[in-house]
Amino acid sequence: MSEHDDPYLWLEEVTADDAMAWVRERNAETVAELTGSARFAELRDEIRAVFDADDRIPYIRRRGEYLYNFWQTPDNPRGLWRRTTLEQYRLAEPDWQILLDVDALGQREGENWVWDGAAVLRPEYRLALVNLSRGGADAAVVREFDLETGEFVPGGFELPEAKSFLRWIDADRVYVGTDFGPDSMTSSGYPRIVKEWRRGTPLSEAVTVFEGKPEDVSVYATHDPTPGYERDFVGRNIDFYRSERFLRGDSGDLIRIEIPEDAEMGVEREWLLITLRSPWTIGETTYPAGALLATKFDDFLAGAREMDVLFEPDAHTALTYHTWTKNHVILNTLHDVQSRIEVLTPGPDGWQRAPLAGVPTGALTEIIDTDPDVSDEYFMNSSGYTEPATLRRGVIDGEPEILKQAPARFDATGIEVRQHFATSADGTKIPYFVVGKQDPASRPTLLSGYGGFEVSLTPSYLGHVGRAWLARGGTYVVANLRGGGEYGPDWHFQAVKENRHLVYEDFAAVAKDLIDRGITTPGKLGIQGGSNGGLLMGVMLTRYPELFGAIVCQVPLLDMKRYHELLAGASWMAEYGDPRKPEEWAYIEPYSPYQNVQTGADYPPILFVTSTRDDRVHPGHARKMVARMREHGHDVRYYENIEGGHGAAADNEQLAFKWALVFEFLWEKLS
């Protein structure tokens, strides 16, 4: 089917009257089918109770003397931005200072505001740039906020709705990238131009400091205010994995930082840390993909190329991320998808390493915040599929203290976590986790996967899955497919572009392994995935339908002939390929779900869920797929939330309703 033969292009007009009338009809059909039972009401209420629980952990970020948190409740579904001190946070009921009530703001201004984060100016931490989205879209309004007065700054920095960025330079200057008019955005829909904007002047007088190319994904600019190490950086993201980076001098001159385009870099005080995505040869030394290297930043700019290797991957271990405290680097690695954390310390005799004290065994542990400007403090969160989260605070070289612990949200008695390895079509071992009761009976099983963009799926406590699925006797499975980051960049790059088929072969191998082990049967095996994982679901539907009893496909890519034309799709061509090129369309077309719907095929029942306000993955993908499946007489249903952005929900009520639809559909089809 060519683009010109597509009878459903009209469904790509997001808010057109005829398209929205079609959406409302499909929504009504799905709601009528799935929401009438007592089980649906129980699922919705139980899931909502998890999301709204008063005793869930209020996760925080330190900004100066305060710990900041964003909190949603039934009375404040759009949320409260608030802060407290560490001393108060240690208490069971901290005294929170409310900075911004998003519900009250939306009511006062007649807007459906959704919180989209804030950037607080270092080191004073008085001014913030607050991002507010209409309905949860990626495009946001940015407004300057005074943390002392609790008010938006009259005449302060402000941007209208767009896919923008504002970055602090100092109290009177920001870097701005936004829609300045014609040719100011990239083909991916992100800023192409960076300007320096001074307080009290109109945006039209902001001075251009850097420009990317129209075909780039985006540009960026940042200012590092660390005393004694003040620096400015600008750059262009050439594609999803390659960037060109520059140090911006005081006079505006640009000095290119000569690291590989596909590497990641971080500059902290005197240090430059480089994370490699591909091998890098310097002189007679070749550093492998996935390695973390360290050198002195000023020496590197002057031409020195001596590197300290802080991490080198092996067949089972990959670097997940690193983060600085004032005097140390914390490394978080995955060994067969199990977390390990260690501390590296630079000194006159080189880098010393030691395990981080107090890391619990048997749980996935992550460093969620540090305060590198001031101290060696860190905040560490641990959880597992059956272990509720525990939040600890520590200082390097000391034992961490437990700050908060979440209670169990479901009865995990008899529920075990096992790791297995399936063998994919090319012989590669694919790890996956099975969560459920271990007994001879095959059970309704929900298998989830993603397999893209170097995203790792790691064990974590999902209270809504526990209540709606595990506690009701279901088995939950997570597959760690190629395309992800579980084994580093090579695990990802094995499955991009012409090798994309490996992701789908991996997932099918896991499904077959579950069946061969007697954990489930095809009729009791359901699958679920969103975004790139939604594309995975579409491929499973059209290429491996015999393996599954039901499919849930959320905010998906499906029309891979036109994905690059829709919203942010052009930014993902480094992952999937360019369908405009015949040689690349030749390997995309065989798996593109929209082009491969067949009349007479025996497809399992499927539920598509998306959002009108998703301005990242176009809702037209799901709309057109459903229309095409209906045309061919297949068993399909559809729900599109009018708000919600890429998460398909703008608040906990919408989120609980969405997940209740998903689990009601799965229980109905798999029981």
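The structure displayed is predicted, hence computed values, not measured ones.

Asker: Please set out the overall build of the protein chain residue by residue, giving values where relevant.
Answerer: Each helix and strand in the protein chain was counted, giving 13 helices and 39 strands. Along the first, second and third principal axes, the C-alpha set of the protein chain runs to 70 × 60 × 50 Å. Looking at the protein chain as a whole, 58% of its 671 residues qualify as buried. For the protein chain, the proportion of contacts with a sequence separation of at least 24, taken over those separated by at least 6, is 57%.

Asker: Just give me the short version of the packing of helix H6 (residues 463–470) against helix H13 (residues 652–670), but keep the residues and values in it.
Answerer: Viewed as axis vectors pointing N to C, H6 and H13 meet at an angle of 30°, and their least axial separation amounts to 10 Å. As the angle between them shows, H6 and H13 are arranged roughly parallel. As for how H6 packs across H13, the hand of that crossing is right-handed. From H6, His464, Val465, Ala468 and Trp469 reach across to H13, where they touch Trp659, Phe663, Leu666, Trp667 and Leu670.

Asker: Summarise the sheet that holds strand S28 (residues 364–370); cite the residues concerned and give the values.
Answerer: The strand order across the open sheet formed by four strands is S28-S29-S30-S31, and the pairing between neighbours is antiparallel. In the strand order of this sheet, the two ends are held by S28 and strand S31 (401–405), each with one partner. Neighbour-to-neighbour, the strand axes of the sheet open up by a mean angle of 25°, direction not taken into account. In this sheet, strand S29 (residues 377–383) lies alongside S28 in antiparallel orientation, the contact comprising six bridges. Looking at S29, one finds that Ile367 is bridged to Met380.

Asker: How would you summarise the sheet that holds strand S34 (residues 445–448) if you had to cite specific residues and measurements?
Answerer: Reading across from one edge, S32-S33-S35-S34-S36-S37-S38-S39 is the order of the eight strands in this open sheet, with mixed pairing throughout. Edge strands, defined here as strands with exactly one partner in the open sheet, are strand S32 (415–423) and strand S39 (636–641). On average, adjacent strands in this sheet sit at an angle of 20° to one another, irrespective of strand direction. The pairing of strand S37 (residues 550–554) with strand S38 (residues 606–611) spans four bridges and is classified as parallel. Across the sheet, residue Val552 finds its bridge partner in S38, namely Leu607.

Asker: Describe in detail helix H8 (residues 501–516), supporting the description with residues and values.
Answerer: With 16 residues, H8 should reach 22 Å at 1.5 Å per residue; the first-to-last C-alpha distance of 22 Å fits that figure. Among the residues of H8, those classed as buried are Leu502, Val503, Tyr504, Asp506, Phe507, Ala508, Ala509, Val510, Ala511, Asp513 and Leu514. Taken together, the buried residues of H8 touch S32, strand S33 (429–437), S34, strand S35 (475–479), strand S36 (525–530) and helix H9 (532–543). Backbone geometry just after H8 places Gly518 at a positive phi near 80°.

Asker: Would you mind going over the pairing of strand S30 (residues 390–395) in detail, with residue names and values included?
Answerer: Extensive coverage of S30 is indicated by the burial of five of its six residues. Note that S29 and S30 share six bridges and pair antiparallel. Considered in S30, the bridge of Tyr378 is made with Gly394. Two successive antiparallel strands, S29 and S30, enclose a turn made up of six residues. Bridge count for S30 against S31 is four bridges, and the pairing is antiparallel. Note on S31: the bridge partner recorded for Thr390 is Gln405. Between S30 and the antiparallel strand that follows it, S31, lie five residues; Asp397 among them carries a positive phi value of about 80°.

Asker: Account for the environment of Ile515, naming residues and giving values.
Answerer: Mapped onto the elements, Ile515 comes out in helix H8. Here Ile515 falls in the partly exposed class, since its relative accessible area comes to 22%. Put simply, Ile515 and Leu547 are 32 residues apart on the chain and 8.7 Å apart in space, counted from C-alpha to C-alpha. Excluding residues that lie within four positions of it along the chain, Ile515 makes contacts with Thr520, Thr521, Pro522, Leu525 and Leu547.

Asker: Before we move on, can you summarise helix H12 (residues 620–631) with the specific residues and values?
Answerer: What sets the pattern is the α-helix's 3.6 residues per turn: residues three or four places apart point alike. The terminal C-alpha atoms of H12 lie 16 Å apart, and with twelve residues this matches the ideal 16 Å at 1.5 Å per residue to within 8%. Among the twelve residues that make up H12, ten are buried, leaving the element largely enclosed by the rest of the structure. Considered for burial, the residues of H12 that qualify are Gly620, His621, Ala622, Arg623, Lys624, Met625, Val626, Ala627, Arg628 and Met629. Residues of H12 that are buried sit in contact with helix H1 (17–34), H9, S38 and S39.

Rules used throughout
Residues numbered from 1 in each chain as written. Predicted model: local features only at pLDDT ≥ 70, side-chain atom pairs only at ≥ 80, totals over all residues. Heavy atoms only, no water. Helix = DSSP H or I, 4+ residues; strand = E, 2+ residues; numbered from the N terminus. Buried < 20%, exposed > 50% of the residue type's maximum accessible area, 1.4 Å probe, protein only. Contact = heavy atoms within 4.5 Å. Axes fitted to C-alpha atoms, helices over the stretch in contact; angles between N-to-C directions. Parallel < 35°, antiparallel > 145°, perpendicular 65-115°, else oblique. Left-handed = near helix turned anticlockwise from the far one by under 90°. Pairing = 2+ DSSP bridges. Expected span 1.5 Å × (residues − 1).

Interpretation note: all reported values are geometric properties and have no functional meaning in isolation.
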